[in-house]
Amino acid sequence: MKSGRGSKTAEHNALFRALDARGAGNSAVIADPVAEKLLPWRFKLVTAPARWGAWRNAVTKIIDDRWPGVRPTVLARTSLIDATIADVLPTTPQLVILGAGLDSRAWRLPGLDGIAVFEVDHPDTQRAKRDLMRRRGLDARHVRFIPTDFNLTRLDMAMTDAGFDPGQPTLFLWEGTTNYLSADAVDTTLRWCAHAAVGSHLVFTYINEDVLRDPSRYVGADRVFSTLRRVDEPMTFGLAPSSLAIYLAERGLQLISDEGAAGFRSRSYGTASAAIRGHEFYRVAHARVSV
Ligand SMILES: C[S@@+](CC[C@H](N)C(=O)[O-])C[C@H]1O[C@@H](n2cnc3c(N)ncnc32)[C@H](O)[C@@H]1O
């Protein structure tokens, strides 16, 4: 990430969600009512006219032609994660959103009463988000913010200082982030999650490491990678799906499910997903803290 500036990829994801919300009642996948409030001005100018279907379709076509598969994959992964949250959250009194970016779950999820919500993110992104929240009048008194660079700092002390209780079952979300980190940072953070109480869950995304070795095997990956280099957020880390269960078990986590983009897109888009190409290297995994 460029020093002193919030994550651009976090802004892109919020733009996808805000555009999607403009199709509410019609074509929306998650219909996030808060996403637009968290957008920087230049993106609000894009989403404001998106109440008109023709504008929305034109903008999404430009995005999808340029970066194949990225937008529908981000929306479908968020939808899948939301479904898992709905299942798990009633059993976990703490919700920790790692690499939160412009995630709006702290404001839009049902059932958060009585749940301690923590957002952990790179200090530059978190500062930019909190600044936006203040300007847009989003009340964040129920959220505890922990600025952290995963590549440089361990979470233990900062989370304890923020009131995190490792003795309570916790739902950890880590969406759209592991692929930007070092292998050590992912390892350290997963091991920290695994020290939470038995009954804790972790939902995270990762990329198939094959794409880092040979992007040409995946439709559109070269273009995505070149944009990510330009915004100084290159993809640096991936895992092999075939050894994910072992990788997690070595860190005290038990794999429950692991699904690739083509699979979870089909849940959100049905038969229309057959026409979506690109970003197939993206995956969502769900694990729990094992005894
Ligand atoms: C693609 S965004 C994902 C944001 C959000 N979770 C979502 O799905 O929309 C990547 C996130 O990773 C965070 N990130 C990247 N490198 C990081 C680091 N070294 N330490 C902490 N967070 C980092 C960025 O600040 C950003 O919020």
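See the structure shown above.
Residues numbered from 1 in each chain as written. Predicted model: local features only at pLDDT ≥ 70, side-chain atom pairs only at ≥ 80, totals over all residues. Heavy atoms only, no water.

The next thing to look at is the pairing of strand S2 (residues 116–121). Buried residues dominate S2, accounting for six of its six residues. What you see with S2 is no split at all: Ala 116, Phe 118 and Val 120 on one side and Val 117, Glu 119 and Asp 121 on the other are buried throughout. Across five bridges, the pairing between strand S1 (residues 94–98) and S2 is parallel. Of the residues in S2, the one forming a bridge with Ile 97 is Glu 119. Inspection of the sheet shows S2 paired to strand S3 (residues 143–147) by five bridges, in the parallel sense. Paired with Asp 121 across the two strands is Pro 147, which belongs to S3. With helix H6 (residues 123–136) bridging S2 and the parallel S3, this β-α-β connection has right-handed handedness. (Buried < 20%, exposed > 50% of the residue type's maximum accessible area, 1.4 Å probe, protein only. Helix = DSSP H or I, 4+ residues; strand = E, 2+ residues; numbered from the N terminus. Pairing = 2+ DSSP bridges. Right-handed = clockwise from strand over helix to strand, strands pointing away.)

We describe a pair of aromatic rings using the distance from one ring centre to the other and the angle between the two ring planes. Applying the stated rule across the entire model yields nine aromatic pairs. Considering the side-chain rings of Phe 118 and Phe 164, the 5.8 Å spacing of their centres and the 80° angle between planes classify their relative orientation as edge-to-face. On the criterion of sequence distance, the pair formed by Phe 118 in strand S2 and Phe 164 in the loop between helix H7 (156–161) and strand S4 (170–174) is long-range, its members being 46 residues apart. For the pair Phe 118 and Phe 164, one class covers both residues: buried. Note on Phe 164 and Trp 192: the rings are 5.2 Å apart at their centroids and 45° apart in plane angle, and the pair reads as tilted. Here the residue Phe 164 occupies a position in the loop between H7 and S4, and Trp 192 occupies one in helix H8 (residues 183–194), the gap between them amounting to 28 residues. Taken together, Phe 118, Phe 164, Phe 172 and Trp 192 form an aromatic cluster joined through their ring pairs. Its end group placed over the ring of Tyr 247, Arg 251 keeps NZ or CZ at 3.7 Å from the ring centre. (Phe/Tyr/Trp six-rings, centres within 6.5 Å; stacked < 30°, edge-to-face > 60°. Lys NZ or Arg CZ within 6 Å of the ring centre and 35° of its normal.)

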